[in-house]
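# Notes for the structure review
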Amino acid sequence: MPVVGAEPPAGQTKTKPNIVVVVADDMGWGDSGTFGNDLIQTPNMDRLAAEGVKLTQCYSACGVCSPSRSAILTGRTPYRNGVYRHLSGKHDAHLRDSEITFPEVLKTIGYETCHVGKWHLLSAQQFNNPDFPQPDKQGYDYYMFTQNNAEPSHKNPDNFVRNGVPVGPTEGYSAQLVAKEAIHWLTDLHDPKKPFAMTVWFHEPHSEIATDPRFEALYKGHKNSKYMGNITQMDNGLGMVLDALDALGVSDNTLVFFTSDNGPVPAYGGSSGGLRGNKRSQYEGGIRVPGLARWPGKIEPGSVSDVPVIGSDLFATTLGIVGVPLPTDRTIDGVNMLPALQGKPVARKIPMFWRTHVSGPNERVAMRIGDWKIVGDETLTQFQLYEIQQDWKEQNDLAKQMPEKTEEMKAILIKLWADIAAEGPHEWWEHERQKPSKGGKLNY
């Protein structure tokens, strides 16, 4: 493995913190009471916010799911790490064994690791195929996962695989099944003498939606009761994991980070909370997502941070808090976000960048530096400019009013994309078979 773990620096506590990264699927910025929805009940997200920090400018690394998940594990923007598209069917793309994940690194310093829930980092024909790297090759000691969605729906899914062996039919709803598996590993299999890193990736509220009647009943009479109940169902699974951490007495030494993989799908009931765009978009509604973090003694309870952070920051954050240096043989796009979790600015050498292969051709790429965000078309010839802090709904394109700023941002964006494209497996997207969407010219 290209990275060698290191002991924490002198003076750092010898008790290494546990890491839990929880990801919802297609949950929009406006899909929770915690982030301002007047109807949807998310008491466990509220609990995390009360006990930690609410991140008002938290981003996924892409407008669709597979790429954003790859960035969480590797710290590298999706086109750089190779998972540039959603992996729903048969395709060459996958999370390659040459990539380094944060669970891989943590294992070198004595961590035990577990993944439960959606994976979506392998194409359909690669899933549970030993010719391709499964989670055990990406740093996980134990895993129970699905290739993509819970099938046939969230109710009684039959497509889980545990450590290479199909689980078969189940009884219950996906969020609770995933949470129970996480608790089983924590309680019955994990060595309590060792620190742990766990990723809990729920399927809710991605379609096909199925909601436990006890959660849907909370919204009886509302036309969106199924979707709203589905969010609460996911939140309940989150609460089960939080309760297990409490019961084991490890909450005080555990960083819990909660987010979503991308924006919502309005057709199923999702809400961007007034942001422009939804899933697949480079506008805020497609990439700005819920973000919560709790780490007692390190993060102030009940705090709010508007410092921008992105999913790819989790790699550098986990390595940073355990005292392991970043790899030097590859580009790491993310930064240690711990200062942001404490309400302080973070220094970025590489700007936040987004490219989504199924976005509209007029909004194929985006980049943010400070409060400025540039959105470019698929050919990188037409650009929009927004001052996000002042115009979070992206209603006022300043490109023509501020040509010098636009040119400055444009030059940085074009150079950054060239650097990313040169480092990533560009042969995958240059030979993409999928036709361009929405009248576009490029299919990547």
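Below, the structure is looked at part by part. Note that residues are indexed from 1 along each chain, following the sequence as it is written. Totals for whole chains, interfaces and linings use all residues, but because this is a predicted model, local features are given only for residues with pLDDT of at least 70 and pairs of side-chain atoms are given and counted only at 80 or more. Side-chain metrics in this entry use all non-hydrogen atoms of the structure; hydrogen atoms and water are not considered.

The next subject is the overall build of the chain. Numbering of helices and strands starts at the N terminus; helices are DSSP runs of H or I of at least 4 residues and strands are runs of E of at least 2. Secondary structure summary: the chain contains twelve helices and 17 strands in total. Each radius of gyration is computed over the set of C-alpha atoms, and the globule rule expresses the reference value as 2.2 Å times the number of residues to the power 0.38. Radius of gyration (C-alpha) of the chain: 20 Å, near the 22 Å computed for a compact globule of 444 residues. Viewed in the frame of its principal axes, the chain has a C-alpha envelope of about 60 × 60 × 45 Å. Going through the 444 residues of the chain one by one, you find that 63% of them count as buried. Should any heavy atoms of two residues lie within 4.5 Å, those residues are considered in contact. Of the contacts made within the chain by residues no fewer than 6 positions apart, 69% connect residues no fewer than 24 positions apart. Surface exposure of the chain reaches about 16700 Å², of which carbon and sulfur atoms provide 50%. By the counting scheme adopted, Arg and Lys are positive, Glu and Asp are negative, and His together with the chain ends is not counted. Taken as the charge location is NZ of Lys, CZ of Arg, CG of Asp or CD of Glu. Across the chain, the 45 positively charged side chains and the 52 negatively charged ones have centroids separated by 2 Å. Type-normalised accessible area, obtained with a 1.4 Å probe on protein chains alone, sets the label of each residue: buried when under 20%, exposed when over 50%, and partly exposed for intermediate values. Surface exposure here means Shrake-Rupley accessible area, sampled with a 1.4 Å probe, where a residue is shielded only by the protein chains that are shown.

Once that is clear, we can look at the side chain of K373. With respect to the secondary-structure elements, K373 resides in strand β16 (residues 372–376). For this analysis, a polar contact is any N or O atom pair within 3.5 Å, provided that within protein one partner can donate a hydrogen and the other can accept it, and provided that sequence-adjacent residues contribute only side-chain to side-chain pairs. Engagement of the side chain of K373 in a polar contact is seen with the backbone oxygen of Q282, the distance being 2.8 Å.

Whether two strands pair comes down to DSSP finding at least two bridges between them. The antiparallel open sheet is built from four strands, whose spatial order is β14-β15-β16-β17. The sheet is open, and its two edges are formed by β14 (352–355) and β17 (383–387), each paired on a single side. Shown here is a sheet whose adjacent strand axes are inclined to one another by a mean of 15°, direction ignored. Helix axes are fitted only over the stretch in contact, all axes being lines through C-alpha atoms; the angle between N-to-C directions runs from 0 to 180 degrees.

Expected span, for any helix, means 1.5 Å times one less than how many residues it has. With 21 residues, helix α11 (residues 403–423) extends 30 Å from end C-alpha to end C-alpha; this agrees with the ideal 30 Å at 1.5 Å per step. For α11, the full list of buried residues reads T406, M409, L413, L416, W417, I420 and A421. All buried residues of α11 lie within an arc of 130° about the axis, which places them on one face of the element. What points out from α11, more than 90 degrees from its buried face, is the exposed set E404, K415 and A422. Considering only its buried residues, α11 is in contact with α3 (78–81), β14, β15 (365–369), β16, β17 and α12 (426–430). To be clear, the arc concerns the directions from the helix axis to the C-beta atoms.

Every α-helix carries 3.6 residues per turn, so stepping three or four residues along brings you back to the same face. Across its 23 residues, helix α7 (residues 225–247) extends 32 Å between first and last C-alpha, which sits within 8% of the 33 Å expected from 1.5 Å per residue. Of all 23 residues making up α7, 18 are buried, and the element is well covered by its neighbours. Downstream of α7 by a residue or two, G249 has a phi angle that is positive, lying close to 75°.

Turning next to the pattern of salt bridges. We define a salt bridge as a contact between a side-chain nitrogen of Lys or Arg and a carboxyl oxygen of Asp or Glu at a distance within 4 Å. Under the criterion given, the structure shown has 26 salt bridges. Here R364 ties to E378 by a salt bridge, and the two come within 3.7 Å at their closest N and O atoms. A residue pair is termed long-range when its members are at least 10 positions apart, and R364 in the loop between β14 and β15 and E378 in the loop between β16 and β17 qualify at 14 residues. Both residues of the pair, R364 and E378, count as buried. Each member of the salt-bridge network shares a partner with another, and the members are R76, R80, R96, E99, D333, D419 and E423.

Peptide bonds are, in most cases, trans, and in most cases residues other than glycine have a negative phi. Cis rather than trans, the peptide bond between E151 and P152 has omega equal to 5°. Residue placement: P152 occurs in the loop between β5 (142–146) and β6 (161–162). Although it is not a glycine, N156 sits at a positive phi angle of roughly 50°. Structurally, N156 can be placed in the loop between β5 and β6. Look at N156 and you get partly exposed, because its relative accessible area is 33%. For R280, which is not glycine, the phi dihedral falls at a positive 85°. Turning to its location among the elements, R280 is positioned in the loop between β9 (254–260) and α8 (284–287). For R280, a relative accessible area of 36% puts it in the partly exposed group.

Now for the state of the cysteines. In this description, a disulfide is simply a cysteine sulfur pair whose atoms lie within 2.5 Å. Per the counting criterion, the structure on display carries zero disulfides. Not engaged in a disulfide, the cysteine C65 finds its nearest cysteine sulfur in C62; these two sulfurs lie 8.6 Å apart. Overall, C65 belongs to the buried group, its relative accessible area being 4%.

The geometry of helix α5 (residues 174–189) relative to α7 is characterised by a closest axis approach of 8 Å and an angle of 10° between their N-to-C directions. Put simply, α5 runs roughly parallel to α7. Here A175, Q176, A179, K180, A182, I183 and L186 of α5 come into contact with α7, specifically with Q233, M234, N236, G237, M240, V241, A244 and L245. By the convention adopted, Pro, Cys, Tyr, Trp, Phe, Met, Ile, Leu, Val and Ala count as nonpolar, Lys, Arg, Asp and Glu as charged, and the other residues, Gly among them, as polar. Its residues assigned to classes, the contact of α5 with α7 comprises ten nonpolar, four polar and one charged. Under this scheme an angle from 65 to 115 degrees is roughly perpendicular, one under 35 degrees roughly parallel, and one over 145 degrees roughly antiparallel; angles in between are oblique.

Coordinates in, geometry out; function isn't part of it.
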